[in-house]
Structure formats: C-alpha cells, structure tokens
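Below are the chains, spelled out letter by letter.
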Amino acid sequence: MSSRILSSRTLPGLILASALAGPLGVSGAGAQPDAPPVSASLPALQKPTSSERLPAKLARLASLLGRDGDVRIVAFGSSSTEGAGASSPAMAYPALLERDLEKRLQIGASSRRSITVINRGKGGDTSEAMARRLERDVLAERPDLVVWQTGSNDPLAGVPLERFVELTRAGILAIRATGADVVVMDQQWCQKLTGVAGAERYGEALHALAAELGVPVIRRRAMMQSWVTHGLMTPAQMIGPDGLHMTDAGYRQLAKAAAAQILVGAGLIQPSLARN
C-alpha cells in the first residue's frame, strides 16, 4: 500500500470491509462515561457563560453551532428511525428532532444558519444490513453528526452479540474517520423485546462500547421507563398495538430528549439540565 495518508473517504471503506469480512478484536472499556439520560421537557437553550465552558464530546457540532452555516445530521437506524407506528413521516422522530433543534437554537426563516436532519432509517435492519448501506445512505450525505439507533432488531433476528459489537464498532470508527460526530441510541422499552431472552445484553454491549469510544448515548430504554414512573405517559401511550414501535406521543418525547442530549454533547447546555 502507498505510504500516502488515506483519504477520509477511503478509510471508512477499509474499516467497514474489515468488519464485514470477519471478527474484530474487542478491547476493554476506559473512556469517559456516558452523559446522563435526558428529560422529556427541558427549557429553551441556555448557553453556558464564557467562564463556565463545558467539555464537548461532539466537537465538530460544537464548532459548527458556534458560527453561521449549515449543520447536516443523519438519523441512521431501523424502523424506529424510519417512523414505523407514527401517523405520518412528519411525526417520525428525525423530523421532530429537526424542528426541536431549530426551536432551541432559535433558527428561523431569516437565520443565516440551518439544521437539516436526514432520515436514513429502514425497517427491519440489523447491524449487518446497516453496515452494508452505511457508505451509501450515511457517509455519502457528508453529515456533521450521525445519530445511530441500533440494537433492537439484532436480538429479534438472532444476530450474535459479538457480531453486533464488531459491526457497531466498525461503523462508529468509519463515521468518525470522515470527521463527523456520532451519538448512539439504544433499544426501546417494549413488550416485544422484553420477551426475547438476552435482548437486554445488546443494549448493555452498546453502552460499554460507547463508553470505551467516548460516544454519547441517548438512553431510550431508561428514559421510557422514567416517563412511566413519573406519570408522563403510560406504556400504551408510548408503544403502539404491535408491542414494538413507538406512537406519535412516544416519538415526540424521544425527539425532545434527543435534542437535549445532542446539545449536552455539544457543550451548549449543562448536563444537570438534561437529567430525568
């Protein structure tokens, strides 16, 4: 191989090709802990003062939000991202996330900057299927941030846990190799997944991998449990009759929580403002 530095488009392809070809080693955890779960109802954006600057795990996003310009976010995942169970595409969480971020960042029609959230969810996708379309559906969009929802279909489809970890690791590294930031989102809390033996291990593995790589996590499962505990909504109001997919109300709360987590990751709001 040439001694020249690999381009940002070549490196992700090599990372993914290695993962799809065979197992990757799994090293021990040891990076920063995840940011805390986020609340469903937060105040408008409260930027920290210059004397209390926050560390930013999402460095690229923090830089872009600090000046005028466009921010491109790709919501990557399976049916929860695509919007299964929602009454319309406008009620899928990525569309709601775009609107919520615009509101929090006070981006209007006359603003010199914009937030675009591109929905790249595909129902039924496992980590294997998402790895195969990562380059085409995600990296080709040249995103500044990728919000990756994963880990629900793998236990349902019987994908080995080790393979899920390998492919998720390779995907995160491929995204970061382009200069983009990454946030991951774990499983929903629902009857269908609760009935699958070992399903929770995929969420635990995702958290461990995220902690190792310093990737913020949107802890959807824990948040949904908290919403019920605090009387915000019932399980039936969050999850539809199929026992798996979220409702309009569930997606609405998820989008608010995701927006808060993203702004915490960018260092724009205090983590204490984004706790359940």
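Fair warning: this is a prediction, and the values are worked out from it, not measured in the lab. (Residues numbered from 1 in each chain as written. Predicted model: local features only at pLDDT ≥ 70, side-chain atom pairs only at ≥ 80, totals over all residues. Heavy atoms only, no water.)

## Focus: the packing of helix α10 (residues 220-229) against helix α12 (residues 248-265)
- At their nearest, the axes of α10 and α12 sit 11 Å apart, and the two run at 120° to each other. The angle between α10 and α12 places the two elements in the oblique class. Relative to α12, the crossing made by α10 is right-handed. Counting all contacts with α10, which are made through R220, M223 and W227, the residues of α12 involved are G250, Q253, L254 and A257. (Axes fitted to C-alpha atoms, helices over the stretch in contact; angles between N-to-C directions. Helix = DSSP H or I, 4+ residues; strand = E, 2+ residues; numbered from the N terminus. Parallel < 35°, antiparallel > 145°, perpendicular 65-115°, else oblique. Left-handed = near helix turned anticlockwise from the far one by under 90°. Contact = heavy atoms within 4.5 Å.)

## Quick word on the confidence of the model for the protein chain
- This prediction gives the protein chain a mean pLDDT of 84; 78% of its residues lie at or above 70.
- The least confident element of the protein chain is helix α1 (residues 10-21), whose mean pLDDT is 60; the most confident is strand β3 (residues 145-149), at 98.
- pLDDT under 50 marks residues 1-8. Its contacts with residues more than four places away, or in other chains, come to five contacts.
- This model gives residues 48-53 a pLDDT under 50, and the stretch forms six contacts once residues within four places in sequence are excluded. (pLDDT = per-residue confidence, 0-100.)

## Some remarks on the nonpolar core
- L65, L97 and I115 are the most contacted members of the largest nonpolar core, which has 46 residues in total.
- With 10 residues, the top contributor of residues to this core is α12.
- Beyond its immediate sequence surroundings of up to four residues, L97 is in contact with V117, A255, A258, A259 and I262.
- The next biggest cluster of nonpolar side chains, apart from the first, holds 26 residues, and it includes L161, V184, V215 and V217. (Core = buried A, V, L, I, M, F, W, Y, C linked by side-chain atoms within 4.5 Å. Buried < 20%, exposed > 50% of the residue type's maximum accessible area, 1.4 Å probe, protein only.)

## Quick look at the sheet that holds strand β4 (residues 181-185)
- A sheet is described by the order of its strands in space; here five strands give the open sequence β2-β1-β3-β4-β5, paired in parallel fashion. Each end of this open sheet is capped by a strand with a single partner; those strands are β2 (114-121) and β5 (217-218).
- Sheet analysis places strand β1 (residues 70-77) next to β3, joined by four bridges and oriented parallel. Each bridged residue has a counterpart across the sheet, and for A75 the counterpart in β3 is V147. (Pairing = 2+ DSSP bridges.)

## Remarks on the pattern of salt bridges
- Under the counting rule described, the total for this entry stands at 11 salt bridges.
- Across the salt bridge formed by E141 and R72, the nearest N and O atoms sit 2.7 Å from each other. Highlighted residues: E141 in the loop between α5 (127-137) and β3 and R72 in strand β1, separated in sequence by 69 residues.
- Judged by relative accessible area, E141 falls into the buried class, the value being 19%. (Salt bridge = Lys/Arg side-chain N within 4 Å of Asp/Glu carboxyl O.)

## Focus: α12
- Here α12 is 18 residues long and its end C-alpha atoms lie 26 Å apart, about the 26 Å a rise of 1.5 Å per residue gives.
- With 15 of 18 residues buried, α12 lies mostly within the body of the structure. (Expected span 1.5 Å × (residues − 1).)

## Concerning the environment of L97
- Residue placement: L97 occurs in helix α4 (residues 93-104).
- Between the C-alpha atoms of L97 and L254, which are 157 residues apart in sequence, the distance is 8.4 Å.

## A few points about helix α7 (residues 161-177)
- In a regular helix each residue adds 1.5 Å, so 17 residues correspond to 24 Å; α7 covers 24 Å between its end C-alpha atoms and thus fits that length.
- Positive backbone phi, at 100°, marks G179, one or two positions downstream of α7.

## Comments concerning unusual backbone geometry
- We note that Q106 has phi near 55°; this positive angle belongs to a residue other than glycine.
- Looking at the element boundaries, Q106 is found in the loop between α4 and β2.

## Here we look at the environment of F76
- Here F76 shows up in strand β1.
- A sequence separation of 58 residues divides F76 from L134, and the C-alpha atoms of the two residues are 8.6 Å apart.

## Details of the side chain of D181
- Mapped onto the elements, D181 comes out in strand β4.
- Within the buried set, D181 has no salt-bridge partner at all; the shortest N-O distance to an opposite charge, 6.3 Å, is to R60.
- The contact partners of D181, leaving out residues within four places of it in the chain, are K57, L58, A59, R60, L61, D144, L145, V146 and I175. (Lys, Arg positive; Asp, Glu negative; His and termini not counted.)

## Points about the packing of aromatic side chains
- Per the stated rule, a full pass over the model turns up two aromatic pairs.
- A centroid spacing of 5.4 Å and a plane angle of 35° characterise the contact between F76 and W148, whose relative ring orientation is tilted. Of this pair, F76 sits in strand β1 while W148 sits in strand β3, placing them 72 residues apart in sequence. Per residue, the accessibility class of F76 equals that of W148, and both read buried. (Phe/Tyr/Trp six-rings, centres within 6.5 Å; stacked < 30°, edge-to-face > 60°.)

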